[in-house]
Structures are given as C-alpha cells and as structure tokens.
Amino acid sequence: MYLGVDYYPEHWDIEKLEDDLKNIKNLGSNVIRIGEFSWHMMENQEGKYDFSYFDHVIEKAEKFKLQVIFGTPTATLPAWLAHKHPEVLSEFVDGTKREFGGRRQYCFNSPIYNLYSKNIITKLAKHYKNEKRIVAWQIDNEFGHEGSDICFCDCCKNTFRKYLKKVYNNDINKLNYIWGTRFWSQTYNTFEEIPLPKLTITTHNPTLQMEWERFRALSVEKYAKMQVDILKKILGKNTIVLHDFSGGFFDKSYDFSQVAKHIDVVAYNNYPVWGGQIEPIPAHEIACGLDYMRGLKKQNFWITEAIMGAQGHDVIGYLPRPNQAKMWSYQAMARGCSSLMYFRYRGAIKGAEQYCYGIIDNDNINRRKYDEVKVFFNDIKKYENFIEAKVNSKVALVYDYESMASFRIQRQSELFDYKKEVYRLYKPFYNANINIDVIPSSASFDEYNILLVPVMIVHRKEIQNKIRKFAKAGKTVILTFRNSVKDKYNNLTLGEFNPVGFTDFIGGYVEEIESFGQNQQIKLVGQNEFSEVKGYATVFRDLIKPTTAKILFNYDEEFFTHLSAITVNNYNDANVYYIGAGIDDNIMNKIVSEVLKDSNIKAFETPEGVELVKREDEDKLCYFLINHTDKVQTLIDITLSAYEVKIITIN
C-alpha cells in the first residue's frame, strides 16, 4: 500500500527540500509523486537532457525512506517546442490554434509531437533504468481532460481520412452506401473530400460523427500505448505503469477502458468538489466514479490525487468541512482504492493552481488538514489486508462508449444526460448498500447475478449475445429506454421494431416514442403488485407494446392506453425488465427492491446519508460505515459524528 503526496519540489527553493520531505514522512507517507509537469527542466533546449535536479530529489527521498512515482512530462510541452513547431498545437472546432500557456495543448496525431514525446520518454527511462526507489511510472496526466481529447487540425484531418480508408477497405462507394451520403447530396468521390465535423449549418452526417468519435478514442489510445511500450521495453515488462484518469468519464470523446488495457494500474484523480461548486457532488456520484475506476480492469485502483482543501483555478469552490475530505478518502479505500496520494503537499503560490489548496497552505504551517491526513494514513494501514482484497460484487452496471457517443451526436431530448441515466439505475443499489461494478460493455458479465444496462442505444450482436447468455443462466437483466435503436454506424434499421434484435428478449416492442422538454413529465400507473405505487416519467419515453411481457406500469393518459411504460419478461426463467422512460426514484426503488428479493441479495438499511461498504479477506469481514452528512447518525448501536467513518471488523 502506497500512501503519500503529490510533490512539486521544482516550485520551491531547493533549500526547502529536506524539511518538506521530513514533514511528508512525518505524515506517515511512504511515497511521493513527482515529475509529471517538468519537461523543460529535463530538456531546456532541444536535445540537451539534464535529469540532475530529480536525481537530487530522489537521493533525498531515499534519506527519508520515501519511494517515488515518476510521471512522463508530456502533458506540458516546453515553450521552445511550441515555438519551433507550432503545428503540434491542437485546434478548437472553429480552427483556432490553442495557444501555448495552458496544458495538454498538443495534438495526439502530430507525428512531430509523437517524435519529441518518444525522445524524452526514452531518455528519461534509460536514465532511471536502475533506480530502485521508483516504484511506478505514470504516463502523461489526465488524458482528454479539459477538452484535450478533441482536435480539428490538419494532422487530425489527414489521419482521420487514412483511418476511414482502412475501415472501409479504401472503397469510397462502400462508405457512401453505409453513410447514406445521397442524403443532402453529400456523396464523396474520394476520401480526400471527407470533412471533419466542424461547425456547419444544421448538422453533420451521424455516421461521419460516429466514426470521428471512434477515431478520437483511437488517437488517445495509440498515444498512451506508445508511452507504455517505451517504458516496458527499457525498464522491463514487470515495471508498473499507470495513468491518472480524470473525472468526466461519461462525457469524454475517448474510451477509458481501451487505454486501461495497456496499463498495469488504473489511477484516478478524485475531486468531489471543484471551483464554483457550493456543495460536493452527491455521495452516490462519488461512489459511482470509484466503482467505474475499479471496473476498468476489474481490479483495485490507486488514487493519485485526493483532495484536502478547496479547489479551483479562477473561481474557488466549496471548502471541505473538518473530516469531510478525510471521509472521502475512506470511501475511496472502501470501494477498491489500494494506494492513495493527496494533491498536493503544499498549495502553490505561483502559476494557475494557486487556489488548488493542499495539505498545507501558503502559510507553510501544519494545521487541521495536515493532522487529518496523518490520522488517516496511520489508521488505514491497520486494514491493509482488506484494502488489498478484491471487492466482491454481484451487480454490474454496463456502460457503452459508442452509445455515449451516439447520444453526444443526437441527444434526442433536451433533458437527456447520459450520466444521469446511469445514476438513475445506480443510485437505488447504492442506497441499498450493495457493491456494484461499473464495467464497459466489452467486459465479461459471467460473475454477476444482476445486470443493469442503461440507454445502450447502439446494438451489436456480440453484446446482445452476452446479455442473452447472462439471462439464460437465470439471472436478472434491467434495460432502460432507447435500447438497441442504432447500428454500429449510428443508423436506424429498416423493417424492425426497437429494440432491434431484442424484441423477443424484452417480450414486446416499442411502437411509439416521445421526447420530453423542460418541466414535462407524465404520471405512471402501477399494475398488479405495483398498483399502489405512484410516480412519474420524464426525459424520454418508449411506448411498449407487450407480447409475452407482463405489464408493471402504464402511462396515465387517454390516447395510448394500449401501450406500456415498464414491463418484465420471463426469458428462459430469467426476469428481463424494460424501463421505457426516465422514471422517478420512488418507482425505481420499488423495482430494485423486487429485483434484490428475487436474486436473494440482501440490502443493508442505513440512515439517509450513511453508506455501508462490505469487504472480505478470506473468512474475515470488514464493514466501512461512512457518514456523508453534517449530522450525528446512529446505526443500530453505533454512533457516527458528522463526516465520521468507522471500520468494523468481524473474524
């Protein structure tokens, strides 16, 4: 277990180094994370490499028995490189070049930037090949964050066209047919005529935009793999390589799970608060992010940036209350984080992150936040066996990159937000204190008993077959609206009802659809065992014509009384639920309660705002009791103060 801080010694006078490292060690740390934003210090002129500064830092870290996570510095290119080769800078959708001065301004597809990246990584790895204190390597920093996953430069245009030639076997007629380019007279004679989806009047072809999303994902993946390959070749295949993923994973134009395939450890920068927020994001959303990171490789992950203070670049956000940020650290460890570093040791006094407060502030005095970290580090070490053990989950929520992309391209409802539809399914299981894996559609489903499949609009036979196989084992599946509407080219299918290829599976078909606007909702009427349950639907609705399915809820209106809102179908003795709209918490909670009962999965009741996470180590049990509220809470005979966490072990 690595516990430590993100340390930027280059931001301070070198005379502070020993005192800082001593103070970091006194926290209970055993690791520092360095180097990720320091390209110019390593190569201040082209081809002139100097790693002596970090040699000194590592040597001093050795004195205090602190190990090192070293970052490749490619997220922040040096000014001389941008000046000599301005073409490496990425472009906004309007064609404006991104200026040097921020971070991640590079184009993933620039051959020049790739070459310079390879050179610095190679020199860095060779220099530290035999450095035992470096226990892991981080590639770049937060791929795709802050809009850096998107670029519209000529490099991207030319590489995109090459990508299309490969995908369509250099057959422009095949592309024209699949894309339906006769529509609006968009037929291409050559691949060189194909545009990027820049700003235009109305909108671009949805298939063009889907291929662009795939291309963006591939661009990030290839760049990540290049870095991993260099490090592994020079440092050895057993070298631990990680990447620190940002939040916003349901909105990015690249697939985190594809990058995760190439690294050894998924790391996460966990920010429950950021600039401008007047309160933290809800506890279930924080939890979902942690479960998502664990699900990328179905293994425990690290947090490379946990927060202690208020955060923001230009606008400062909510200040975590005493013990609240510490509580988020416990929550992370409960949900599969096995090593944790705080961002940052000391808040900056210069540069763009002066208001990203650290463990200690610019007064340089150990105060409340320092003491909280010290308590946390010393306490969490006692539970290392549980922390390192696998998180056992019987419920999986499945997300799909191409479906996310399809909704980015055609939102369909002004109320639609992919992540909110994920949370709509996730939250009732979280409230029942059930462990959940949040996994990509490419993952195996076999180990679970309940499968949650929100808004998977793109249908692919291989994914549908996996879901059918899951159900044939007698397990429960919950699908939500707009399922299996588009093919992989983002086109509709002629001659078939929705969900395409799945009408027998849900025991019905979607006969009509409707998109809802602001403040629009429709009442639902429960049937049979749900006859007393009341609620509403919003965002979008599929009007379902049942064939073999049982009706659970109908829409309360006079015109479509023969069409339903929520059904359940018996498919090979499995229950397949189809939720045809964005339904409210009351109805969702009732359905989930039935699902858990039928699946023999026990819910744990806790007061609102109290999270319980169960962990196991061989025949021993451990329960994390986490109070997310600012009030005293009581669970059985256990009292939790505001933002307090208690860990109960049972032999």
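Conventions we followed
- Residues numbered from 1 in each chain as written.
- Predicted model: local features only at pLDDT ≥ 70, side-chain atom pairs only at ≥ 80, totals over all residues.
- Heavy atoms only, no water.
- Helix = DSSP H or I, 4+ residues; strand = E, 2+ residues; numbered from the N terminus.
- Buried < 20%, exposed > 50% of the residue type's maximum accessible area, 1.4 Å probe, protein only.
- Contact = heavy atoms within 4.5 Å.
- Areas by Shrake-Rupley, 256 points an atom, 1.4 Å probe, with all protein chains shown as cover.
- Lys, Arg positive; Asp, Glu negative; His and termini not counted.
- Charge placed at Lys NZ, Arg CZ, Asp CG, Glu CD.
- Right-handed = clockwise from strand over helix to strand, strands pointing away.
- Pairing = 2+ DSSP bridges.
- Axes fitted to C-alpha atoms, helices over the stretch in contact; angles between N-to-C directions.
- Parallel < 35°, antiparallel > 145°, perpendicular 65-115°, else oblique.
- Nonpolar A, V, L, I, M, F, W, Y, C, P; charged D, E, K, R; others polar.
- Salt bridge = Lys/Arg side-chain N within 4 Å of Asp/Glu carboxyl O.
- Patch = residues over 30% accessible without salt bridge, like charges linked within 9 Å, V, L, I, M, F, W, Y side chains within 5 Å.
- Phe/Tyr/Trp six-rings, centres within 6.5 Å; stacked < 30°, edge-to-face > 60°.
- Polar contact = N/O pair within 3.5 Å; in protein donor to acceptor, adjacent residues only side chain to side chain.

**Topic: the overall build of the protein chain**
In terms of helices and strands, the protein chain carries 18 helices and 26 strands. Dimensions of the protein chain, computed from the C-alpha atoms along their principal axes, are close to 80 × 75 × 40 Å. Looking at the protein chain residue by residue over its 651 residues, the buried ones come to 59%. The long-range fraction of contacts in the protein chain, counting pairs at least 24 apart against all pairs at least 6 apart in sequence, stands at 72%. Within the structure as shown, the protein chain displays about 26,800 Å² of accessible surface, and the carbon and sulfur contribution to it stands at 49%. Positive and negative side-chain charges of the protein chain, numbering 82 and 84 respectively, have mean locations separated by a distance of 4 Å.

**Quick look at the environment of N270**
Mapping N270 onto the fold places it in the loop between strand 8 (265-269) and helix 10 (283-297). Residue classification places N270 among the buried residues on the basis of a relative accessible area of 6%. Taking the C-alpha atoms as reference points, N270 and E146, 124 residues apart in sequence, are found 15 Å from one another. With near-sequence residues (within four places) excluded, N270 lies in contact with I286, L290, I303, E305, A306 and I307.

**So, the pairing of strand 14 (residues 476-480)**
With five of five residues buried, strand 14 is to be regarded as a mostly interior element. Neither face of strand 14 is exposed, since T476, I478 and T480 on one face and V477 and L479 on the opposite face are all buried. Traced from strand 13 (residues 450-453) through helix 16 (residues 461-472) to strand 14, the parallel crossover comes out right-handed. Where strand 14 and strand 20 (residues 574-579) come together, four bridges link them in parallel fashion. Bridged to V477 within strand 20 is V576.

**Things to note about the packing of helix 6 (residues 154-167) against helix 8 (residues 206-235)**
Helices that pack against each other are described as a pair by the angle of their axes relative to one another and the distance between those axes. Running from N to C, helix 6 and helix 8 cross one another at 105 degrees; their axes reach a closest spacing of 10 Å. Comparing the axis directions of helix 6 and helix 8 gives the class roughly perpendicular. Residues C156, T159, F160, Y163, L164 and V167 of helix 6 lie in contact with helix 8, whose contacting residues are L208, E211, W212, R214, F215, R216 and L218. For the contact of helix 6 with helix 8, the class distribution of residues is nine nonpolar, one polar and three charged.

**Side note on the sheet that holds strand 23 (residues 620-627)**
One open sheet holds the three strands; their spatial order is 22-23-26, and the pairing between them is antiparallel. The strands lining the two open edges of the sheet, one partner per strand, are strand 22 (610-617) and strand 26 (645-650). Sheet twist, expressed as the mean angle between neighbouring strand axes with direction ignored, is 15 degrees. Bridge analysis of strand 22 against strand 23 gives eight bridges, and the strand direction is antiparallel. Considered in strand 23, the bridge of D617 is made with K620.

**Focus on unusual backbone geometry**
Between F343 and the following residue, R344, the backbone shows a cis peptide bond with an omega angle of -15 degrees. With respect to the secondary-structure elements, R344 resides in the loop between strand 10 (337-343) and helix 12 (368-380). Look at the link from N498 to P499: it is a cis peptide, with omega at -5 degrees. Locating P499 in the fold gives a position in the loop between strand 14 and helix 17 (503-506). Residues other than glycine seldom take positive phi values, yet D140 does so here, at roughly 55 degrees. Here D140 shows up in the loop between strand 6 (134-138) and helix 6.

**Observations concerning the sheet that holds strand 1 (residues 3-6)**
One closed barrel accounts for eight strands, arranged 1-2-5-6-7-8-9-10; its pairing is parallel. Strand-to-strand, the axes of this sheet are offset by a mean angle of 25 degrees, without reference to chain direction. Lying on the sheet, helix 3 (residues 52-63) is in contact with strand 2 (31-34), strand 5 (67-71) and strand 6; it crosses strand 2 at an angle near 170 degrees.

**Section: the pattern of salt bridges**
Side chains that differ in charge, positive against negative, can pair when their charged atoms come close. All told, the structure shown has 47 salt bridges when counted by the stated rule. The partner of D363 in a salt bridge is R367, with the nearest N and O atoms 2.7 Å apart. Exposure remark for D363: the relative accessible area of 35% places this residue in the partly exposed category. Close ionic contact of R482 with D542 constitutes a salt bridge, the shortest N to O distance being 3.9 Å. Note that R482 is positioned in the loop between strand 14 and helix 17 and D542 in strand 17 (residues 534-546), a separation of 60 residues in sequence. Across the pair, D542 and R482 agree in class, each one buried. A single network of salt bridges, built from pairs that share partners, joins E211, R214, D400, E402, R460 and E462.

**Quick word on a positive patch on the surface**
Side chains of K123, K126, K129 and K233 sit close together on the surface and give a patch of like positive charge. With respect to the helices, strands and loops of the structure, K126 is situated in helix 5 (residues 111-127).

**Overview of the packing of aromatic side chains**
Aromatic ring pairs: the centre-centre distance and the angle between the two ring planes describe each pair. Evaluation of the coordinates by the stated rule reveals 56 aromatic pairs. An angle of 80 degrees between the planes, with centres 6.2 Å apart, marks the rings of F143 and Y223 as edge-to-face. Of the two residues, F143 is situated in the loop between strand 6 and helix 6 and Y223 in helix 8; the sequence distance between them amounts to 80 residues. A residue is classified by how much of its surface remains accessible, and F143, at 0% relative accessible area, is buried. Residue class for Y223 comes out buried when judged on its relative accessible area of 1%. Between the aromatic rings of F530 and F553, the centroid separation amounts to 5.4 Å while the plane-to-plane angle is 45 degrees, which identifies the pairing as tilted. Of this pair, F530 sits in the loop between strand 16 (522-526) and strand 17 while F553 is found in strand 18 (residues 550-555), placing the two residues 23 residues apart along the sequence.

**Some details on the side chain of Q311**
Inspection of the secondary structure puts Q311 in the loop between strand 9 (301-307) and helix 11 (324-334). Given the relative accessible area of 0%, Q311 is considered buried. A polar atom in the side chain of Q311 sits 3.0 Å from the backbone oxygen of Y357. If we ignore the near neighbours within four places in the chain, the residues touching Q311 are Y271, V273, W274, G275, I316, G317, F343, Y355, C356 and Y357.

**Here we look at the environment of Y116**
The topology assignment puts Y116 in helix 5. A sequence separation of 446 residues divides Y116 from H562, and the C-alpha atoms of the two residues are 64 Å apart. Not counting chain neighbours up to four residues away, the residues in contact with Y116 comprise W39, E46, W80, L81, K84 and H85.

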